[in-house]
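Inside the fold
Okay, here's what each chain looks like letter by letter:
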Amino acid sequence: MTVEPTEPASPAPSDFIRDIVAQHVAEKRYPKIVTRFPPEPNGYLHLGHAKAICIDFGIARENGGHCNLRMDDTNPAKEEVEYVESIIADVKWLIAGWADHCLGFKPRGATPAAGVVNGQPDFHLPPAPVGTPDAQVEPFFASHYFDQLHGYAVRLIELGKAYVCDLSPEETETYRGAPDRPGRNSPFRDRSVAENLDLFARMKAGEFPDGARSLRAKIDMAAPNMWLRDPLLYRIRHTPHHQTGDKWCIYPLYDYAHCLSDYLEGVSHSLCSLEFTDHRPLYDWVLESLLLPRPLPRQYEFSKLIPTYMVVSKRKLIHLINQGIVQDWDDPRMPTISGNRRRGVPASAIRKFAIGAGVTKFKSVTEIEVFEHAIRDELNTLAVRRLAVLDPIKLVLTNLAPGETLECAAVNNPQDEHPTTRPVQLAREVFIERDDFAEVPPPKYFRLKPGGEVRLKYACIIKCDEVIKDPAGRITEIRCTADLSTRAGGPNVDRKVKGTIHWVSASAGIDAEVRLYDRLFSVPEPDADGQFLKNVNPRSLEVVRAKLEPSLATAKTGEHFQFERLGYFVVDAKDSAPGRLVFNRTISLKDTWAKAPGTK
RNA sequence: UGCCUGAUGGUGUAAUGGUAGCACAGGCGACUUUGACUCGCCUAGUCGUGGUUCGAAUCCACGUCGGGCAGCCA
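Since the model is a prediction, treat every value here as computed from it, not as a measurement. (Residues numbered from 1 in each chain as written. Chains lettered and ligands numbered in written order. Predicted model: local features only at pLDDT ≥ 70, side-chain atom pairs only at ≥ 80, totals over all residues. Heavy atoms only, no water.)

1. A look at the environment of Phe188
Topologically, Phe188 is positioned in the loop between helix H5 (169-176) and helix H6 (193-205). What makes Phe188 partly exposed here is its relative accessible area of 22%. The sequence separation of Phe188 and Tyr163 amounts to 25 residues, and the corresponding C-alpha distance is 7.7 Å. Apart from residues lying up to four places away in sequence, Phe188 is in contact with Tyr163, Val164, Cys165, Asp166 and Leu167. (Helix = DSSP H or I, 4+ residues; strand = E, 2+ residues; numbered from the N terminus. Buried < 20%, exposed > 50% of the residue type's maximum accessible area, 1.4 Å probe, protein only. Contact = heavy atoms within 4.5 Å.)

2. Here we look at the sheet that holds strand E23 (residues 475-483)
Strand order in the open sheet formed by seven strands is E24-E21-E22-E23-E17-E20-E25, and the pairing between neighbours is mixed. Every interior strand has two partners, whereas the edge strands, strand E24 (500-501) and strand E25 (503-505), have only one. Taken together, the eight bridges between strand E22 (residues 461-469) and E23 define a ladder with antiparallel strand orientation. Note that in E23 the partner of Val467 across the bridge is Ile478. (Pairing = 2+ DSSP bridges.)

3. Here's the deal with H6
Compared with the 18 Å implied by 1.5 Å per residue over 13 residues, the 18 Å span of H6 between its first and last C-alpha is a close match. Taken as a whole, H6 has its buried residues at Asn196, Leu199, Phe200 and Met203. Relative to the axis of H6, the buried residues are bounded by an arc of 100 degrees and lie together on one face. Set apart from the buried face of H6 by more than 90 degrees, the exposed residues are Ala194 and Ala205. (Expected span 1.5 Å × (residues − 1). Arc of directions from axis to C-beta.)

4. Structural notes on the environment of Ile432
Residue position: Ile432 is located in strand E20 (residues 429-433). Residue Ile432 is classed as buried on the basis of its relative accessible area of 0%. As for Ile432 and Arg455, which are separated by 23 residues in sequence, their C-alpha atoms are 12 Å apart. Among residues more than four places away in sequence, those in contact with Ile432 are Val389, Asp391, Pro392, Ile393, Leu395, Phe437, Leu448, Leu456, Ile478, Ile501, His502 and Trp503.

5. With respect to the sheet that holds strand E11 (residues 232-236)
Across the sheet, four strands lie side by side as E9-E10-E11-E12; this open sheet has antiparallel pairing. The two strands at the open ends of the sheet, each matched to only one other strand, are strand E9 (162-165) and strand E12 (250-252). Mean inter-strand twist for the sheet, computed between neighbouring axes without regard to direction, equals 20 degrees. As judged from the four bridges shared by E9 and strand E10 (residues 214-217), these two strands associate in the antiparallel manner. Within the sheet, the bridge partner assigned to Val164 lies in E10 and is Leu215. (Axes fitted to C-alpha atoms, helices over the stretch in contact; angles between N-to-C directions.)

6. A word on the packing of aromatic side chains
What the rule picks out here adds up to 15 aromatic pairs. Ring centres of Phe561 and Phe583 lie 6.2 Å apart, and the angle between their planes is 70 degrees; on these two criteria the pair is classed as edge-to-face. On the criterion of sequence distance, the pair formed by Phe561 in strand E28 (residues 561-563) and Phe583 in strand E30 (residues 582-588) is long-range, its members being 22 residues apart. What makes Phe583 buried here is its relative accessible area of 0%. Among the aromatic residues, those joined into a cluster by ring pairs are Phe561, Phe563, Phe569 and Phe583. We note Arg294 situated over the ring of Tyr263; from NZ or CZ to the ring centre the distance is 4.2 Å. (Phe/Tyr/Trp six-rings, centres within 6.5 Å; stacked < 30°, edge-to-face > 60°. Lys NZ or Arg CZ within 6 Å of the ring centre and 35° of its normal.)

7. Topic: the pattern of salt bridges
Any two side chains of opposite charge can pair, so long as their charged atoms come close to each other. Under the criterion given, the structure shown has 46 salt bridges. Through salt bridges with shared partners, a single network forms among Asp330, Arg342, Glu513, Arg515, Asp572, Lys574 and Asp575. (Salt bridge = Lys/Arg side-chain N within 4 Å of Asp/Glu carboxyl O.)

8. Let's talk about the protein's contact with RNA strand B
Residues in close proximity to RNA strand B total 64 residues, the closest being Thr74, Thr360, Arg385, Gln562 and Arg565. Residue Val365 places a main-chain N or O atom 3.2 Å away from a sugar or linking oxygen belonging to RNA strand B. The side chain of Arg565 places a nitrogen or oxygen atom 2.6 Å from a phosphate oxygen of RNA strand B. Those elements giving two or more residues to the surface near RNA strand B turn out to be H5, E11, helix H12 (368-382) and helix H13 (592-595). Considered class by class, the residues forming the surface near RNA strand B number 23 nonpolar, 16 polar and 25 charged. (Near = heavy atom within 4 Å. Polar contact = N/O pair within 3.5 Å; in protein donor to acceptor, adjacent residues only side chain to side chain. Nonpolar A, V, L, I, M, F, W, Y, C, P; charged D, E, K, R; others polar.)

9. Focus on the nonpolar core
Membership of the largest hydrophobic core comes to 52 residues, with the highest contact counts inside it found for Phe37, Phe57, Leu69, Val91 and Ile95. Listing elements by their share of this core, those giving two or more residues are helix H1 (16-26), helix H2 (47-62), strand E2 (66-71), helix H3 (81-95), strand E14 (298-302), helix H11 (347-356) and H12. Take this core: its biggest share by element is nine residues, from H2. A domain split of this core shows at least three residues from each of domain 1 (16-302) and domain 2 (314-384 + 512-588). Ranked by size, the runner-up nonpolar core spans 40 residues in total, among them Phe146, Leu228, Ile236 and Tyr256. (Core = buried A, V, L, I, M, F, W, Y, C linked by side-chain atoms within 4.5 Å. Domains from an automatic or database assignment.)

10. Focus: the pairing of strand E6 (residues 120-124)
When strand E5 (residues 113-117) meets E6, the two strands line up antiparallel, connected through five bridges. Residue pairing for E6: Val116 is matched across the bridge by Pro121. Following E5, the chain reverses through two residues before pairing antiparallel with E6; Asn118 in that reversal takes a positive phi of roughly 50 degrees.

11. Re the packing of helix H7 (residues 254-265) against helix H8 (residues 280-289)
As a packed pair, H7 and H8 sit with axes 9 Å apart at the nearest point and diverge in direction by 60 degrees. Taken together, the axes of H7 and H8 are oblique relative to one another. Judged by the twist between their axes, the crossing of H7 over H8 is right-handed. Between H7 and H8, the residues in contact are Asp255, Tyr256, His258, Cys259, Leu260, Asp262 and Tyr263 and Leu282, Tyr283, Val286 and Leu287, respectively. Its residues placed into classes, the contact of H7 with H8 shows eight nonpolar, one polar and two charged. (Parallel < 35°, antiparallel > 145°, perpendicular 65-115°, else oblique. Left-handed = near helix turned anticlockwise from the far one by under 90°.)

This is the structure:
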């Protein structure tokens, strides 16, 4: 087994699919373990896809195989190039440093090559070698196999296993019967091979309008499995395709295209979610009917990842965008990969969450707390600490002279094996968090109160002498005395006080917009009643003007910060600019105080 | 009254005939220049009834309950 050095601690997962793969490896059933991740480019990838990606790529990397990224683009009416591009970017980002060496891309423009295997004609399209320059490769596309797929359809007709049907969509539905009632044979079921060939050629030539005819598999209209009741293989759609342009007006359906795409690419294990279980007999029927010479891929199903407090169906996500509830697919509140990236969630946290959810066939919901824990856990290691005040209130140290500054050493990340420090300047006037002062403190309040003491983090202990208010009674200034003997290196540095609070120099601190994101929905299962829009959290975004320590002026996109005692933050990749900084809160720190009775 | 599929603490998941474990959540405590992190302790589970067996979460039977399937979507 190959273990990626970037994640040495992750134990090798074990589950029913990996057990099957291990057995196939042991019996050398396939020349190589090949999986595939086959999204339809009709929306952005989300956390549900992340689980599939982790399984598909995970199993490939554990077995020295690869995983093909394939666009399942057989329905031109719903698909767009924008989605193709976002999918590529999101997959690359999610697997970077973990399984990028297993990412299967094909040579740009390549289509399955004809060959002969075991004396039989065959087509095969392996991936380009790892490390081929980006400009020379591209994902796999089902649409790049349309010629081969068409050829296989002709063969099916010749074998008497497919026929052209003239029934309308409505009639087809009626003829299909119901789950507990057998269907009826189409009156066109027994056409001759010659007539089917002719009609199929004319379908391809564009002689018939959309829906006028279809190509159907000849299986069994009385099958208890609905998907075996002569399912459609091809439908007529006079619609241009984002990859093939105007070349085709007949397009294959998923059940026909998917299994053959797997075969053409040499996929060994085709892993998908539970709703395709009923389709598996059809997947096998198509491949077995064609008498193909190479080992056939097999499909295995697992349950989807459904986190609480989210909706993940593309339809619902599009609705959130169209209703203006979120800005776009990459809004930091979206469960999309790109939304999570923009929010500051590291790819490693998404992987940890997705892998930790496990692989079973039990339909489950995973509590969002598991995801949040994974995010905090990763960020605790990755993020450098900085001081920032989100809701500033002025605090004056009356025993410091105006203009006087005292340099303090602030730790960058206490989790590092050898933590480094940076200087921060304590001044007579600083900002502290409004929450960190209480004129009438609740029980067990450790922070600043009249006559009380706290430590200013990395600086010294201060004592509150006076509270200044405006005529309306609102606190405008807190006046304190600093005990300089408690600074680092001072004689009383070890003096303990219960509370430590963060601060930013009033004169040196910089301004920034900070976007405080929270869960998009306020209930665990937003769409339980089909009314997810009603369950949107009205406070999923709060924008504040914050004061930051000066070193943050050069913060770069992609850097993770912990604003001490507050949470984890990143520079917003879209709206931030030098001098006009915008930070996104990825997630708050755990706050056991907030849960204490009598607070907030 | 069809077919497929499943059921282990609140949630997710392990144990593949031999001590029901782990994680998250929750509770209590320790530590703390982050009420964070970390550490310790605690709460809490095999859907039911039979059967096989020295021994069953695991194998068998019958139930119960849940999820999926009738797109020319994927």
